[in-house]
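Letter by letter, the chains look like this.
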Amino acid sequence: AQKITQTQPGMFVQEKEAVTLDCTYDTSDQSYGLFWYKQPSSGEMIFLIYQGSYDEQNATEGRYSLNFQKARKSANLVISASQLGDSAMYFCAMREGGNTDKLIFGTGTRLQVFP
Amino acid sequence: DTGVSQDPRHKITKRGQNVTFRCDPISEHNRLYWYRQTLGQGPEFLTYFQNEAQLEKSRLLSDRFSAERPKGSFSTLEIQRTEQGDSAMYLCASSLPWASANVLTFGAGSRLTVL
């Protein structure tokens, strides 16, 4: 079973509008971390935001916020006031607890911001 | 802080040849990771090092793949007897594991094309 599911292959949003990118995850661990990365066409993965499983507040970083619903196992990324430079691939990832230090990534969502 | 550097950025080779990629992490980061990303997919974990010790390897890392980090600084990833299925972007990342989220900083990747 997929551990990270991103069901939106592509999304369009108009400049200055908000957009939500969906991510659901599957784990039996109590301790885990959730990440969002942006990958522009240049290829470099850029860290956006992190949510720990025990964090009670939703994470926010500037225009990015993470809508964390633990019972539903979802960790959606909200981008407010979209900019043309936000056009990129967005990946959700999870690190489970225990002795592993690997990130498990979803298949990504391509966001296109239009004027 | 010059970020994570990867070399070469692009490599085209013929099937059966050996290739080697180099990664220079952020100098104060003692963890170094290798991921592989094929077209239309998210990155997949290959292996990671803490200093010079290789602590975890994915089953994706077949016996044709070998990674080293001899002095705990730069790392190399060698692929022997390349196959067309090895064509992918090879991403390197580094981190400080004692930071709260252990956020990975990625390089721009090395794109391999096997003809």
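These remarks concern the structure in this document. (Residues numbered from 1 in each chain as written. Chains lettered and ligands numbered in written order. Predicted model: local features only at pLDDT ≥ 70, side-chain atom pairs only at ≥ 80, totals over all residues. Heavy atoms only, no water.)

1. Remarks on the nonpolar core
All names here are of chain A.
Phase 1: Membership of the largest hydrophobic core comes to 25 residues, with the highest contact counts inside it found for Y25, W36, I49, L77 and Y90.
Phase 2: Sorting the residues of this core by element identifies β3 (19-21), β5 (32-39), β6 (46-52), β8 (64-69), β9 (74-79), β10 (88-96) and β12 (109-114) as the ones contributing at least two each.
Phase 3: It is β10 that provides the largest number of residues to this core, a total of four residues.
Phase 4: Apart from residues lying up to four places away in sequence, I49 is in contact with L34, F35, W36, A59, T60, E61, Y64, S65, L66 and L77. (Core = buried A, V, L, I, M, F, W, Y, C linked by side-chain atoms within 4.5 Å. Buried < 20%, exposed > 50% of the residue type's maximum accessible area, 1.4 Å probe, protein only. Helix = DSSP H or I, 4+ residues; strand = E, 2+ residues; numbered from the N terminus. Contact = heavy atoms within 4.5 Å.)

2. A look at the packing of aromatic side chains
Phase 1: Counting across every chain of the model gives 14 aromatic pairs over all chains.
Phase 2: For the ring pair Y37 of chain A and F106 of chain B, a centre distance of 5.4 Å and an interplane angle of 85 degrees mean the geometry is edge-to-face. In this pair, Y37 of chain A is assigned in strand β5 and F106 of chain B in strand β10 (residues 105-106), connecting two distinct chains.
Phase 3: Ring geometry for Y35 of chain B against F45 of chain B: centres 5.6 Å apart, planes inclined by 75 degrees, an arrangement best described as edge-to-face. A residue pair is termed long-range when its members are at least 10 positions apart, and Y35 of chain B in strand β4 (residues 31-37) and F45 of chain B in strand β5 (residues 44-50) qualify at ten residues. F45 of chain B carries the same exposure label as Y35 of chain B, and that label is buried.
Phase 4: An aromatic cluster is defined as three or more aromatic residues linked by ring pairs; in this entry it consists of F35, Y37, F47, Y50, F91 and F105 of chain A together with Y33, Y35, F45, Y48 and F106 of chain B. (Phe/Tyr/Trp six-rings, centres within 6.5 Å; stacked < 30°, edge-to-face > 60°.)

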